[in-house]
Amino acid sequence: MYAGKARAYTNIALIKYWGKNDEHLILPMNSSLSLTLDAFYTETSVYFDETLTEDSFFLDGKQQDSKQTAKISKFLDLVRQQQNLALFAKVDSKNFVPTAAGLASSASGLAALAGACSDALNLQLTKTELSRLARRGSGSACRSIFGGFAEWQKGDSDQTSFAQTVPSDNWENELAMLFVLVDDGMKDISSRDGMKRTVDTSSFYSGWLDNVEADLAVAKQAIKEKDFNKLGQVTEANGLRMHGTTLAAVPPFTYWSPDSLKVMQLVRLARQKGLPCYFTMDAGPNVKILVEKKNLPALKLFLSEHFSKEQLITAYAGPGIEGIPV
Ligand SMILES: O=C(O)C[C@@](O)(CF)CCOP(=O)(O)OP(=O)(O)O
């Protein structure tokens, strides 16, 4: 029996990963940049055991169906192949996220699984190697290996596509991200399916690609200069461009709900009132608002007139992946 355990935290992209250049290796069309957060994380244990006759996957104590288990098995096959290992495994993941749906990210889950496998098999992977491995589970997972700001350089091969820390002089500790939960209960299109349909069919996709690398350069410059408004403006514009591509997909779709648009309007109104804050969204209706810590109380007060306390969740910059004693 080989056992390992790891904890990895959710990251939110400021410059989005949206579209694959290679589906099998999960190589992205563009580079991306994220902030790892402290509020949401996953702890995953893995037990490779000669007595097991198949892989099994438990999430928050519940055994998962064959589809979810297949995604994990695909990742385990990669590790088994790389390590010439013929053992099945039991994977046990626990998401530490507020009960609200739509917050548990595959990023923290797959990053934690990569870390748990590395630990169980004593692979002693470097952070770069761990990021490369996590990427094969889910693209954005490669960024959760690192704390704070992380850049996923798209690369052009398995070897060259991985994340690394963006030097920031700990500026991320002056920031916060306020999640506004407007989950409308609609069954969202997964990010994997959404980006595939967009790449394959959206006439707006080329416009996304035309701008994203320039957006990334602006974001890195803003971090270097600790320029919050510059970082916020490019974050908000990049997120809107990403979501814009879905409107021209065939068939078209959007992740935005009426309440998502309401939050966007309120963020713009807050800025007009002199409260610097900027929104971004991913593959769901919830809205994430980037704000400086010093302005967080005023932002929460402003939004509390429109949303309940339970709908407003604060996160701060979080650490990279952590090994945990099994
Ligand atoms: O996080 C970002 O950069 C932007 C998104 O969240 C926007 F929705 C996409 C994340 O995609 P992911 O779940 O990593 O896809 P996978 O590689 O198909 O597993």
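Reading the values: rules and limits
Residues numbered from 1 in each chain as written. Predicted model: local features only at pLDDT ≥ 70, side-chain atom pairs only at ≥ 80, totals over all residues. Heavy atoms only, no water. Salt bridge = Lys/Arg side-chain N within 4 Å of Asp/Glu carboxyl O. Helix = DSSP H or I, 4+ residues; strand = E, 2+ residues; numbered from the N terminus. Buried < 20%, exposed > 50% of the residue type's maximum accessible area, 1.4 Å probe, protein only. Near = heavy atom within 4 Å. Polar contact = N/O pair within 3.5 Å; in protein donor to acceptor, adjacent residues only side chain to side chain. Areas by Shrake-Rupley, 256 points an atom, 1.4 Å probe, with all protein chains shown as cover. Nonpolar A, V, L, I, M, F, W, Y, C, P; charged D, E, K, R; others polar. Pairing = 2+ DSSP bridges. Axes fitted to C-alpha atoms, helices over the stretch in contact; angles between N-to-C directions. Contact = heavy atoms within 4.5 Å.

Under the defined criterion, the tally for this structure stands at 16 salt bridges. Measuring nitrogen to oxygen at the nearest pair gives 2.8 Å for the salt bridge that ties Asp215 to Arg241. Here the residue Asp215 occupies a position in helix H5 (residues 205-225), and Arg241 occupies one in helix H6 (residues 228-247), the gap between them amounting to 26 residues. Using a relative accessible area of 7% as the deciding quantity, one classes Asp215 as buried.

This part covers the environment of Leu178. Take Leu178: it is sitting in strand S10 (residues 175-180). The class for Leu178 is buried, based on a relative accessible area of 0%. As for Leu178 and Leu85, which are separated by 93 residues in sequence, their C-alpha atoms are 43 Å apart.

Close to the ligand lie 17 residues, the nearest being Tyr17, Lys20, Ser138, Ser140 and Arg192. Take Ser138: an N or O atom from its side chain is 2.7 Å from an oxygen atom of the ligand. Here an oxygen atom of the ligand sits 2.7 Å away from a polar atom, N or O, in the side chain of Ser140. In isolation the ligand offers 470 Å² of accessible surface; the protein chains occlude 94% of this area. Looking at which element gives the most residues to the shell around the ligand, the answer is helix H4 (residues 191-201), with 3 residues. For the shell around the ligand, the residue count by class is 7 nonpolar, 5 polar and 5 charged.

Reading across from one edge, S11-S12-S10-S13 is the order of the 4 strands in this open sheet, with antiparallel pairing throughout. The two strands at the open ends of the sheet, each matched to only one other strand, are strand S11 (277-280) and strand S13 (312-316). Direction aside, neighbouring strands of the sheet carry axes that sit 25 degrees apart on average. Pairing of S10 with S13 involves 5 bridges; the strand directions are antiparallel. Opposite Val180, over in S13, you have Leu312 as the bridge partner. Strands in contact with helix H7 (residues 258-272) are S10, S11 and strand S12 (287-292); relative to S11, the strand with the most contacts, it is inclined by about 160 degrees. Along the sheet, helix H8 (residues 296-303) contacts S10, S11, S12 and S13; its crossing angle with S10, the most-contacted strand, is approximately 15 degrees.

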